[in-house]
Amino acid sequence: MTGRTSSLARAGFSLALALCVTLAIVAAAGAPPLTTLAVMLDGGLGSGQAVLRTLSALVPLLLCGAALCVTFAANLWNIGVEGQITLGAVCCVWFLRDLGLAGLVPPFLAVPGALAASMVGGAAWALLSGVLRTHGRVHEIFSGLGLNFVAMGVSLWLILGPWKRPGMASMSGTEPLPAALWLPALGGRPMSLWGLILAVAAFVLVAWVLNRTFFGLTLSAVRQNAMAAERLGLRPKRRMLAAMALGGALAGLAGGVLVAGLYHRLIPSISGNYGYTAIMAVLLASGSLRFLPLACLFFAVLTVGSIQLPLALSLDSSLAGVVQGVLVLTLFAARRLWPAGNTGSTGGTRNRGSAA
Amino acid sequence: MSLDYLTALIAAVLFAAAPLILAALGETISERAGVINLSLDGTVLFAAMVAFAAARATDNPWLGLAAGGLAGAGIAAVLGVFGLLLGASELAVGFVLTLFCRELAYFMGHGQARQPGPDLGALNLPFLSDLPLFGPAIFRQSPVVLLSLVAVGLVWFFLMRTRAGLVVRAVGEAPAAAVARGLAVTRTQFLCCLAGGALGGLAGGLYSLSVKPGWGHPQGCEGAGWIALAIVIFGGWKPVRVALGALFFAAIQVAGIALQDVLPGLSGTLFQIAPFPVMILTLLVVNLRRSAAFREAARRVPLLGRLVPRTAGGAPGAIVGALDKGF
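This one's a predicted model, so the numbers in the text were calculated from it and none came from an experiment.

(A) Structural context of the overall build of chain A. Scanning chain A from terminus to terminus reveals 14 helices and zero strands. Computed over its C-alpha atoms, the radius of gyration of chain A comes to 21 Å, within 12% of the 21 Å expected for a compact globule of 356 residues. In terms of its C-alpha atoms, chain A occupies a principal-axis envelope of roughly 65 × 60 × 30 Å. Considering chain A as a whole, with its 356 residues, one finds that 55% of them fall into the buried category. The contacts of chain A with a sequence gap of at least 6 include a subset with a gap of at least 24, amounting to 74%. Entry remark: accessible area of chain A is about 14700 Å², with carbon and sulfur atoms responsible for 68%. Charge separation in chain A, taken as the distance between the mean sites of 22 positive and 7 negative side-chain charges, equals 14 Å.

(B) Quick peek at helix α6 (residues 140–160) of chain A. Taking 1.5 Å as the rise per residue, α6(A) with 21 residues should run 30 Å; its terminal C-alpha atoms sit 29 Å apart, in good agreement. Taken across its 21 residues, α6(A) has 17 buried, putting it largely inside the fold.

(C) Looking closely at the pattern of salt bridges. One pass over the full model with this rule turns up four salt bridges over all chains. Notably, a salt bridge pairs Arg97(A) with Asp98(A), separated by 3.7 Å at the nearest N-O pair. For Arg97(A), a relative accessible area of 27% puts it in the partly exposed group. A salt bridge links Arg102(B) to Glu103(B); the shortest N-O distance between them is 3.7 Å. The class of Glu103(B) is buried, set by a relative accessible area of 12%.

(D) Region of interest: unusual backbone geometry. A cis amide bond, omega 5°, links His217(B) with the succeeding residue Pro218(B). Topologically, Pro218(B) is positioned in the loop between α9 (185–211) and α10 (224–234). Even without being a glycine, His264(A) presents a positive backbone phi close to 60°. As for its position among the elements, His264(A) is in the loop between α10 (236–263) and α11 (274–284). Accessibility expressed as a relative area gives 10% for His264(A), which makes it buried. One non-glycine residue with positive phi stands out, namely Asp59(B), at about 60°.

(E) Expanded view of the interface of chain A and chain B. With 57 residues of chain A in contact, the opposing surface of chain B contributes 57 residues. Linking chain A with chain B are zero salt bridges. On inspection of chain A and its partner chain B, the count reaches seven residue pairs in polar contact (both at pLDDT 80 or more). Among the secondary structure elements, those contributing two or more residues to the side of chain A that touches chain B are α1 (2–28), α5 (107–136), α6, α11 and α14 (319–337) of chain A.

(F) Region of the structure containing the side chain of Arg32(B). All names here are of chain B. Note that arginine 32 resides in helix α1 (residues 3–32). With no salt bridge to any partner, buried arginine 32 finds its closest opposite charge in glutamate 173, at an N-O distance of 5.4 Å. Residues contacting arginine 32, with those up to four places away along its chain left out, are Leu159, Met160, Val168, Arg169, Gly172, Glu173, Trp237, Lys238 and Pro316.

What counts, and at which threshold
- Residues numbered from 1 in each chain as written.
- Chains lettered and ligands numbered in written order.
- Predicted model: local features only at pLDDT ≥ 70, side-chain atom pairs only at ≥ 80, totals over all residues.
- Heavy atoms only, no water.
- Helix = DSSP H or I, 4+ residues; strand = E, 2+ residues; numbered from the N terminus.
- Rg over C-alpha atoms; globule rule 2.2 N^0.38 Å.
- Buried < 20%, exposed > 50% of the residue type's maximum accessible area, 1.4 Å probe, protein only.
- Contact = heavy atoms within 4.5 Å.
- Areas by Shrake-Rupley, 256 points an atom, 1.4 Å probe, with all protein chains shown as cover.
- Lys, Arg positive; Asp, Glu negative; His and termini not counted.
- Charge placed at Lys NZ, Arg CZ, Asp CG, Glu CD.
- Expected span 1.5 Å × (residues − 1).
- Salt bridge = Lys/Arg side-chain N within 4 Å of Asp/Glu carboxyl O.
- Polar contact = N/O pair within 3.5 Å; in protein donor to acceptor, adjacent residues only side chain to side chain.

Spelled out as structure tokens, the structure:
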């Protein structure tokens, strides 16, 4: 019982402190703090349209959050989610353009095939940084981050080069795909129910894999002591690569859903910061699958709500990221100040007395 | 290749390298004391905004630069409080800070975007700037080049030739032994973290006040902090080698710009991202060279032995394996 009260107290404390810090930052930027927050909440939840937009932002966040839970379970800092989304989107567009449009695959297989292609693309991109880690001793933070920039370059090159619109290359993206190659939308809105179903299914799958399978158990063994896992014959390197591949496939699927369900073409920076936002959401939920959907939903509201800020108050829409950062930091502080409640994840405290 | 062209090339490389050198030196100090500051990229960007805003407000670029340094130290202080005093994971806090600072910079800097503002101008020292080849490249251009080169000397002297520097290295190499020896480990680490953050902040100021003048969304220096973090590993945590690494990456950037004129078919964005694959490749080569397997192979294959690093080098003891921990 004390664990629950203290975790509630921590959540309350960090929310209140985060609210104060955010209001101070907004005031320091010379904007009316309360109006700004009201505009954000209204933009994320105020109308049916807003809720649908929030739900369509929730889909990639949930998928990437699930992806990150898999990789964090193996103690991997999968910073490359952003690039994996992009590669997934690129592969999805490639499948729909070059196979779907050309009629090389039957119509009913075009969209599922494209989503499968996006998963392969994301997994391959993630495996690249996985192999660099396991066999090249390059930490996945650096390879993931570098590959994010490379993926952005690849998508820009495709948009401005080989896949440019007939007539002129444009930063608004490639030629839109015909409606026959979209994920079925929900009542004509720019939101596909299939995306949400896929995201929830992926999330349940990840929860099952991590908590109920032998593979999940070995990942946790690798996380807690890679050396012991090696001695037990669990082949930590192979498990890490498998975790990277699964995570990459989910992130790639997020990119595929963004193409097939929302944008229907390849646009520059299609990953839309979802990869980084998902990292924040997972850190906010401290790796717990139970709280992750809530964190993702909250961050989706913030992300969608902040899009209104430039129009309504001529503020930069990056306020969403500011709030997310403040919230995660205050939660870190709260967790350190009242460490009583054990949420299952033991933080990465460094034992300063004994150098490795 | 004419002498003038060579001088211009050297000048361009030194100019592009200046902020990278400062940021990487800052991280070197921090990591030498055993604190990994992953917030560097956000620090550089946020300090760039602060420096530009302060320079506009005071109409003095040097005050702006100082404000950038203070902003960098402020962010490092947040990391220090969380990582060193509260005992949270430095990696997690640093990474959150890097994302947070980036968004904060864009949010707070909204009013500064695409505004004209002061910059650090150019030096023209008599006599010195007439020296062949390096004279104009160092003494007849932006003062940031001279600043960064002086900083290399100062940081090297501090870390390698002073008692305080010895304390820093001892703390970073073996914290437990340093405690037993009666050294104030946490205080040293905190101070080094602050100093490293301040240098990262100055690097941001160099971007917005000289190298890529002005502010915008994007500013143009995004990702530089990550390159600097990789440069520290590339340079084996040694100040002079780290500076050489920064020059290497700056040379790649300059080569990209120069090649753009020769090969106009390739789009400019591809050259912008060129440093990142190079970063991964250099880390791959550097880390493989330091690996035990490579040393083993080098003992059997004669020519490979020349490629093994002569000094043991490697990371300071306190941060070995730190990156392998989760959040």
